[in-house]
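So you can see what is in the structure, the chains are spelled out below.
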Amino acid sequence: MSMKNLNSRRDFLKTSALVTGGMMAPSFLVPGAYAAPANELKLAVIGCGGRGTGAVFQAFETGHPIKLVAMADAFQDRLDNSYKAIFDKYGKDKVDVPAEKKFVGFDGYKKAIAEADVVILATPPGFRPSHFEEAVNQGKQIFMEKPVATDAAGIRKVLAAAEVAKAKKLNVVVGLQRHYQNNYREVMKRIHNGDLGEIVGGQVYWNDGGVWVRERKPEQTEMEYQMRNWYYFNWLCGDHIVEQHVHNIDIANWAKNSYPVKAEGTGGRMVRTGKDNGEIFDHHVLTFTYDDGTVIHSECRHFPGAANRVDETFQGTKGKVFLSAGNHGVMTDWKGNPIYTHNRENQPNPYQTEHDELWAALVKGEYKFADAENAAKSTMTAIMGRYATYSGKVLTWDEALNGTIDLFPETLAWDASPKLLPGADGYYPHAIPGKTKVI
């Protein structure tokens, strides 16, 4: 794929073939794309925190013949805790990871990937582009967590690797699990069938009290501190608009069956302003404009004690819809008459469903999933939003995607310095709208 095509939004959209809960209708469902294994599928997990450990649990809960054979993490204690949790729950029948297959450090992922048929990529998202690229180059089937990058440079790497994955017919499922949740699937089917007419507006939210903070320890290098406290540094996390609000932004893109051409908004640090809060903002408020003129309002904030809201609403020419991860799905016309109300009883867990569907395809040797492109574009939408709130500028898709600022450190080592360092007062510099250059 040429760089011209990769960076042109219109060509970019034309290359999509997103399936099974993805953005667009399937253009490929290829049984027998690779040989189904005669025995157990070998699994490696890269990133042994709570999400990586949980994804291994969900893989095992599918009931298919799977064995965990390798693990990798930057930290020994994270790997050890994950191994204990997995082994204690499933035992030696499902877990065969001897000491020499437990890889600790920044480059252990390459060795762990080489041991497996299928890999789970669940490190902090700043590492996702290089880990995904390596897994694709090694020809592995992939489950990777969202978001898939933290800056435009990473997105471009993911998109290039996604093209290779399609050419190799490698299944890729991404943990934007609303695509595997019944209420979202049923509502989106009806939206795309025209039950609401044309979508002309919408609002998406992730407003809550925020997440954990990990205290700095005297013995930590700056690299270790940032890695342990990864949520507060953009090279690792991308800010909460990318790491968390990407879920809701992705739903707007799914509803529109498109990606925005422009973003503008505001944000800052009002509540979460301590030395241990790194560089990220605690609120972002944006409008995303699509090529047909539709404007979607996007809002996320971390204000402890304030009202919470995590959901999505859309308005069409024939009616409106309310969605949430709590299995809500209510569509009405503009007079309040019901169009569709989702039955919330006995709904499957979408975190489990995404693994159920992936592993069912893998054991049959089917090529069925190509989630990477949509995940990259929805992640890019969130990154474009961060670029807009940090800079205070109105940004187009192409400007954002072609951004040349690469947040990733030049060197990965415990004694190396990340690009962002605290000042003499212990506070980290952060973006100032109207002054900060983001692209």
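Everything numeric here is computed off the predicted structure, so don't read it as measured data.

Okay, helix H11 (residues 246–256) next. For H11, the tally of buried residues reaches 11 of 11 residues, placing the bulk of the element in the interior. Along H11, the residues classified as buried are Val246, His247, Asn248, Ile249, Asp250, Ile251, Ala252, Asn253, Trp254, Ala255 and Lys256.

So, about the nonpolar core. In this structure, Phe132 and Phe314 are the most contacted members of the largest nonpolar core, which totals 93 residues. The biggest single contributor to this core is helix H13 (residues 372–391), with 10 residues. Residue contacts for Phe132: discarding those within four places in its chain leaves Leu121, Ile142, Met144, Val158, Ala161, Ala162, Val172 and Ala372. Of all hydrophobic cores here, the second largest spans 27 residues; its members include Ala59, Ala122, Leu358 and Leu362.

This brings us to H13. If you check H13, its first and last C-alpha atoms are 28 Å apart, about what 20 residues at 1.5 Å a residue would give, namely 28 Å. At the C-terminal side of H13, Gly392 shows a positive phi close to 75°.

Mapped onto this numbering, the UniProt entry gives "domain: GFO/IDH/MocA-like oxidoreductase" (unreviewed entry) at residues 184–321. Regarding residues 184–321, the helix share stands at 22% and the strand share at 31%, and the terminal C-alpha atoms are separated by 11 Å.

Estimated volume of the largest pocket: approximately 790 Å³. Sorting the residues of the lining of the largest pocket by element identifies helix H3 (50–61), strand S2 (66–73), helix H6 (128–137) and helix H9 (222–228) as the ones contributing at least two each. Considering every element that reaches the lining of the largest pocket, the biggest residue donor is H3, with 3 residues. In this structure, the second largest pocket spans a volume of roughly 360 Å³. Along the walls of the second largest pocket sit 18 residues, with Asn234, Glu279, Tyr390, Leu407 and Leu420 positioned nearest its centre. Its residues placed into classes, the lining of the second largest pocket shows 10 nonpolar, 3 polar and 5 charged.

An order of S3-S2-S1-S4-S5-S6 is seen for the 6 strands of this open sheet, with the pairing classed as parallel. With partners counted over all chains shown, the strands left at the sheet margins are strand S3 (102–104) and strand S6 (172–174), one partner each. Between one strand and the next, the sheet's axes are offset by a mean angle of 15°, whatever the strand orientation. Bridge count between strand S1 (residues 41–46) and strand S4 (residues 118–121): 4 bridges; the pairing is parallel.

The rules behind each value
Residues numbered from 1 in each chain as written. Predicted model: local features only at pLDDT ≥ 70, side-chain atom pairs only at ≥ 80, totals over all residues. Heavy atoms only, no water. Buried < 20%, exposed > 50% of the residue type's maximum accessible area, 1.4 Å probe, protein only. Helix = DSSP H or I, 4+ residues; strand = E, 2+ residues; numbered from the N terminus. Core = buried A, V, L, I, M, F, W, Y, C linked by side-chain atoms within 4.5 Å. Contact = heavy atoms within 4.5 Å. Expected span 1.5 Å × (residues − 1). UniProt positions renumbered as here; feature names shortened; annotations may be inferred. 1 Å grid on protein atoms, 1.4 Å probe; cavity = no way out; pocket = protein on both sides within 12 Å on 5 of 7 lines; lining within 4 Å. Points joined across faces, edges and corners; volume = space filled by probe spheres on them. Nonpolar A, V, L, I, M, F, W, Y, C, P; charged D, E, K, R; others polar. Pairing = 2+ DSSP bridges. Axes fitted to C-alpha atoms, helices over the stretch in contact; angles between N-to-C directions.

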